[in-house]
Amino acid sequence: LRAWLDSHGPEERVPQVETIVSATAPLSVHLARRAEQRAGAQLLEIYGCTEAGQVATRRTSQGPEWLPLDGLRVWNAGAQAMVAGGHVEKPTPLADVIEVAADGARFLLHGRSADMVNIAGKRNSLALVGPPGPKEALREEQVGFDVTLRAEGLRGQRARVDLQGSRDGGPF
């Protein structure tokens, strides 16, 4: 999506479309809004996996919450995210960490289970560690930051991770 937008100069019109559908890695709000503005379209993002197929959608420019497809239910069984119903015949584990909203009808996606670390008592995805704001926006605005990870006790045990970093010379 970014490559398509960037293939047209800042003043050049991109082809106008009604709807853009994305089903890759989660998009940043910044990129979704940029695509909608440039193409005059609504951008719909699809969340899914090999084991369950399409699971949920969201209008990324409008917020971070995902809405499961009709007939599907997404929940946590302990630390394991699950999906079932509709086209997913039996409860199926998801490889991601989710936070189900109080109403049970929406959820937030926090990252892959495999890249989760505990930072100050909170689970965080290594993919999301960094300064506030989407990393895609940082790349586009040429803002740099450095993060140093120091982990203690990594021999198959739970590890403590301390983050120290800077953003353009100051703390983030």
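Residues numbered from 1 in each chain as written. Predicted model: local features only at pLDDT ≥ 70, side-chain atom pairs only at ≥ 80, totals over all residues. Heavy atoms only, no water.

(A) Spatial organisation of the pairing of strand β5 (residues 72-77). As paired strands, β5 and strand β6 (residues 80-85) are joined by 6 bridges and run antiparallel to one another. Opposite N76, over in β6, you have A81 as the bridge partner. Adjacent in sequence and paired antiparallel, β5 and β6 are bridged by 2 residues, among which G78 carries a positive phi angle near 70 degrees. (Pairing = 2+ DSSP bridges. Helix = DSSP H or I, 4+ residues; strand = E, 2+ residues; numbered from the N terminus.)

(B) Summary view of the nonpolar core. Core analysis: the largest hydrophobic core is formed by 13 residues, its most contacted members being Y47, V55, A56, V74, V83, L94 and F107. Not counting residues within four places of it along the chain, the set of residues in contact with V83 comprises A52, V55, L72, R73, V74, W75, V88, K90, P91, T92 and L94. (Core = buried A, V, L, I, M, F, W, Y, C linked by side-chain atoms within 4.5 Å. Buried < 20%, exposed > 50% of the residue type's maximum accessible area, 1.4 Å probe, protein only. Contact = heavy atoms within 4.5 Å.)

(C) Region of interest: the packing of aromatic side chains. Evaluated as defined, the whole model comprises 2 aromatic pairs. Consider the rings of Y47 and F107, whose centres lie 5.9 Å apart with planes at 65 degrees: the pair is edge-to-face. You can see Y47 sitting in strand β2 (residues 42-49) and its partner F107 sitting in strand β9 (residues 107-112), a full 60 residues away along the chain. Judged by its relative accessible area of 1%, F107 is buried. (Phe/Tyr/Trp six-rings, centres within 6.5 Å; stacked < 30°, edge-to-face > 60°.)

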